[in-house]
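# Tertiary structure, described
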Amino acid sequence: MATAEQRPVGFGRMKRKEDPRFIRGQGNFVDDIRLPGMLHGAALRSPLAHARITSIDTSAALQHPKVRAVITGKDLEAQGLAWMPTLSADTQAVLATDKVRFQGQEVAFVVADDHYAARDALELIEVDYEPLPVVVDPRRALDSDAPVIRDDKEGQTSNHIFDWEAGDEAETDRVFADADVVVVTQEIPFQRVHPAPLETCGSVADFDAVTGKLRLWCTTQAPHAHRTLYALVAGLPEHKIQVIAPDIGGGFGNKVPIYPGYVCSVVASIVTGKPVKWMEDRTENLTSTGFARDYLMRGKIAADRDGRIRALRVDVLADHGAFNATAQPSKYPAGFFHIFTGSYDLEAAYCTVKGVYTNKAPGGVAYRCSFRVTEAAYLVERMVDVLADELGMDPVELRMKSFIRPEQFPYTTKTGWTYDSGDYPAAMREAMRIAGYEELRREQAERRRAHAAEGGGSGGEYMGIGVSFFTETVGAGPRKDMDIAGLGMADGAELRVHPTGKATLRISVKTQGQGHETTFAQIVAHELGIPPEDVEVVHGDTDQTPFGLGTYGSRSTPVSGAATAMVARKIRDKARLIAAAALEVAPDDLEWEQGRWFVKGDPEKGQTIQELALASHGALELPEGVEGHLDAEAVYNPPNLTYPYGAYICVVDVDPGTGEVKLRRFIAVDDCGVRINPTIVEGQIHGGLAEGIGIALMQHIAFDEQGNCLSGSFMDYLVPSSKEVPDWELGETVTPSPHHPIGAKGVGESANVGSPPAVVNAVVDALEPFGVRHVDMPVTPARVWEAIQHGTTEPPQ
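Below: a short report on this structure.

About the thresholds
- Residues numbered from 1 in each chain as written.
- Predicted model: local features only at pLDDT ≥ 70, side-chain atom pairs only at ≥ 80, totals over all residues.
- Heavy atoms only, no water.
- Helix = DSSP H or I, 4+ residues; strand = E, 2+ residues; numbered from the N terminus.
- Rg over C-alpha atoms; globule rule 2.2 N^0.38 Å.
- Buried < 20%, exposed > 50% of the residue type's maximum accessible area, 1.4 Å probe, protein only.
- Contact = heavy atoms within 4.5 Å.
- Areas by Shrake-Rupley, 256 points an atom, 1.4 Å probe, with all protein chains shown as cover.
- Lys, Arg positive; Asp, Glu negative; His and termini not counted.
- Charge placed at Lys NZ, Arg CZ, Asp CG, Glu CD.
- Pairing = 2+ DSSP bridges.
- Axes fitted to C-alpha atoms, helices over the stretch in contact; angles between N-to-C directions.
- Patch = residues over 30% accessible without salt bridge, like charges linked within 9 Å, V, L, I, M, F, W, Y side chains within 5 Å.
- Salt bridge = Lys/Arg side-chain N within 4 Å of Asp/Glu carboxyl O.
- Expected span 1.5 Å × (residues − 1).

### Digging into the overall build of the chain
What the chain contains, in helices and strands, is 18 helices and 32 strands. Computed over C-alpha atoms, the radius of gyration of the chain comes to 28 Å, within 12% of the 28 Å expected from 2.2 N^0.38 for 797 residues, which places it in the range of a compact globule. If one aligns the C-alpha atoms of the chain with their principal axes, the spans along those axes are about 90 × 75 × 50 Å. Within the chain, the proportion of its 797 residues that are buried is 63%. The contacts in the chain between residues at least 6 apart in sequence include a share of 78% that link residues at least 24 apart. Here the chain displays about 28700 Å² of accessible surface, and carbon together with sulfur accounts for 50% of that area. Between the averaged position of the 77 positive side-chain charges in the chain and that of its 111 negative side-chain charges there is a distance of 2 Å.

Structure, rendered in structure tokens:
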């Protein structure tokens with residue numbers, strides 16, 4: 001039995017309400033859905049990265065005794081369903097018609113009695129391909145002789161998608177031209193990586209031809225957005241579509257887009273008149289669903305000789321794959337990359353981003369980050385360390401000289417963001433305190449002297465200390481500035497307090513492990529005094545929840561959490577009027593304490609929220625204009641984004657003989673504003689740190705020159721285990737967001753943003769005696785060894 005301290009009424013540590021079903025194996029995931037007469041679908045995928053389809057013969061597959069249908073792109077074309085819109089105003093083939101544009105692209109869809117028969121029948125389909133030239137290097141994509149990948153688009157004569165810029169180029173050039181500044185340039189790639197959720201993507205579609213109702217169980221992070229887009233694609237009435245996201249086994253951005261398999265399952269159910277399930281395997285997930293990053297960045301940074309950073313310029317080549325299917329607000333084709341100025345008070349800043357098509361899987365999802373914020377943070381934090389090396393200055397000292405000061409908030413950056421609040425030096429000092437930073441530097445100096453005395457070489461491990469400091473922009477976002485596919489990014493919440501004082505909260509975001517059923521109940525508890533265990537949180541079903549744009553970009557608490565607080569306050573205000581009637585006093589004579597309204601000056605005379613809930617349904621004569629019952633709804637349109645930040649310190653030991661990197665310590669100090677449940681916050685940070693370390697040290701979705709994906713399994717695409725990560729050392733500062741109803745800022749993605757640069761900075765710091773200034777991610781033993789031999793893997797310019 002939990003103690004009172006373990007069952008807070010409001011904010012505080014408590015065990016997750018959703019965990020009992022998970023630890024008992026009673027979660028309900030898409031693949032657990034079983035419907036009467038359900039059929040199974042499987043996708044035939046192209047073995048080639050670029051080829052024209054000359055013919056498809058499905059006759060042998062149709063002869064299979066268990067096959068019920070085979071759907072091709074031509075079949076969809078006849079119904080106007082061969083292409084679907086992406087979340088970036090592009091189009092993507094549901095099933096290829098004219099040609100395939102990446103290895104693993106969907107070519108046909110088989111529907112059979114069981115999963116195994118559907119898979120077997122794929123081998124009976126004969127497809128004749130005419131191979132075409134392949135381009136996988138974005139630097140080649142714009143060459144005059146490069147093959148045009150999207151020749152389906154009218155007027156498309158190259159692989160160019162967009163050009164975008166932010167900041168002031170002229171002012172930035174002026175600062176760089178100053179003779180008294182130190183200028184450093186560095187090419188910094190961020191490799192293609194994949195969110196790799198443990199549960200792959202899948203759907204179960206059930207279309208009722210009599211009622212015209214479509215029920216779709218789907219691995220989606222954004223049920224309402226998906227429903228609207230299905231209505232637009234399939235022409236079905238939106239009110240006849242029910243999208244249900246049951247328990248989700250991790251998303252990390254991978255489950256935001258609509259994938260062809262989802263659409264094919266819907267079409268297959270319409271064609272066969274039966275429910276149809278489609279579940280991809282691990283290879284399909286890694287090779288065909290939404291990737292992340294794949295940015296080639298070239299940074300240029302300037303500082304005074306005393307270490308005050310003055311200007312930063314970045315030029316980016318963005319690889320979007322075969323279709324522009326990034327998931328981000330419409331006005332920002334490069335996401336929120338223009339937060340690349342980081343946490344620094346700069347004189348000038350400017351960036352350009354050029355998007356291109358290549359023969360790779362489409363995507364560009366916000367993998368545990370807010371729309372390209374991770375790329376931006378990695379760029380600026382590597383550039384600051386390269387600058388510190390050039391100046392011969394401690395990287396912490398350099399950062400401290402240029403931090404935005406607490407008194408400057410709210411602070412508008414040179415690229416247009418308005419940071420809401422922060423105390424960056426305090427977070428940095430706290431990380432240094434936990435790490436024992438000065439002592440670590442003394443230990444490092446002693447070890448370097450010992451190496452020098454031994455003549456250098458490969459004897460003994462080399463110690464490195466890496467620092468990173470990041471500011472995120474999360475909680476998208478204000479409707480006047482942000483939409484996805486034309487849909488504004490406000491979120492709704494509905495709250496009903498039942499006659500017995502129990503409550504049901506309906507929210508528009510969808511949890512994939514973040515603990516919404518716990519934290520959102522705690523928000524209601526904090527506002528109304530109802531114990532969290534008495535609040536049921538409903539999510540993931542479009543027929544049961546208000547409209548909203550879903551969970552990604554750390555927007556759940558900043559947007560839907562705010563909507564929850566606001567709707568609870570509406571309930572509280574209504575309860576005040578009911579309490580006034582019950583206690584026969586004026587509403588202004590009442591005062592609130594958590595859980596009850598009481599008469600000012602007479603605290604014994606009052607009523608709890610539970611008593612008022614019963615009264616609202618009873619015979620009490622209510623004031624004029626006050627309806628009965630305690631329920632309300634709210635839509636929250638955030639006035640600004642929120643800006644969590646953090647200071648990270650990583651300590652590594654590098655074996656110069658093998659290139660092996662061992663993480664000795666990792667210190668993470670996060671400021672996410674008010675913490676609703678510190679236990680859940682810490683769990684989110686732990687997960688993000690592990691993912692960030694995987695990206696920094698081992699993960700890369702790689703391709704050969706023919707466009708063959710070389711990272712199609714967990715044998716090739718490595719996921720860190722407990723052996724590869726240290727015991728995390730966490731700290732916190734708390735700077736509430738001034739515009740958020742409860743002061744929260746969001747934290748789910750922060751650790752993935754701040755950890756890669758801390759790890760890489762630590763490794764480069766360890767290799768400083770060998771003249772290394774930069775190593776590309778992933779920092780594998782082979783790359784480290786090569787850097788030691790040659791001084792770097794990518795020399796500064």
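### Here's the deal with unusual backbone geometry
Residue Phe 409 is joined to Pro 410 through a cis peptide bond whose omega torsion reads -5°. Along the chain, the position of Pro 410 falls in the loop between helix H10 (395-402) and strand E18 (411-412). Of the consecutive residues Met 777 and Pro 778, the connecting peptide bond is found in the cis state with omega at -10°. Positive phi, close to 60°, is recorded for Asp 294, a residue that is not glycine. Summarising the element assignment, Asp 294 is placed in strand E15 (residues 292-304). Even without being glycine, Arg 368 reaches a positive phi, approximately 45°. In this structure, Arg 368 sits in the loop between strand E17 (348-356) and helix H9 (373-391). In this structure Arg 368 comes out as buried when scored by relative accessible area, which is 7%.

### Details of the sheet that holds E15
Pairing is mixed in the open sheet, where five strands are placed in the order E9-E17-E16-E15-E10. The open sheet has two edge strands with one neighbour each: strand E9 (160-167) and strand E10 (181-193). In this sheet, adjacent strand axes meet at a mean angle of 10° when their direction is disregarded. In terms of strand pairing, E10 meets E15 through twelve bridges, oriented antiparallel. Within the sheet, the bridge partner assigned to Val 182 lies in E15 and is Ala 303. The sheet strands contacting helix H5 (residues 169-177) are E9, E10, E15, strand E16 (309-319) and E17, and the helix crosses E16 at an angle near 125°. Each of E10, E15 and E16 touches H9; the most contacted strand, E10, lies at about 140° to it.

### A look at a nonpolar patch on the surface
Together, Leu 198, Phe 714 and Val 719 make up an exposed nonpolar region whose accessible area comes to about 300 Å². Mapping Leu 198 onto the fold places it in the loop between E10 and strand E11 (202-208).

### Re the sheet that holds strand E14 (residues 276-279)
Judged by pairing direction, the sheet is mixed, and its seven strands sit side by side in the order E3-E7-E1-E14-E11-E12-E13 without closing on themselves. For this open sheet the edge positions go to strand E3 (67-72) and strand E13 (241-244), each flanked by a neighbour on one side alone. The sheet shows a mean angle of 20° between the axes of neighbouring strands, direction not considered. In this structure, E11 lies alongside strand E12 (residues 213-218), joined through six bridges in antiparallel fashion. The partner of Asp 208 across the bridge, within E12, is Lys 213. Along the sheet face, helix H7 (residues 260-272) touches strand E1 (39-45), E3, strand E7 (106-112), E11, E12 and E14 and points at about 30° away from the line of E11.

### Side note on H9
The terminal C-alpha atoms of H9 lie 27 Å apart, and with 19 residues this matches the ideal 27 Å at 1.5 Å per residue to within 8%. Most of H9 sits out of view: 16 of its 19 residues are buried. Downstream of H9 by one or two residues, Gly 392 has phi in the positive range, about 65°.

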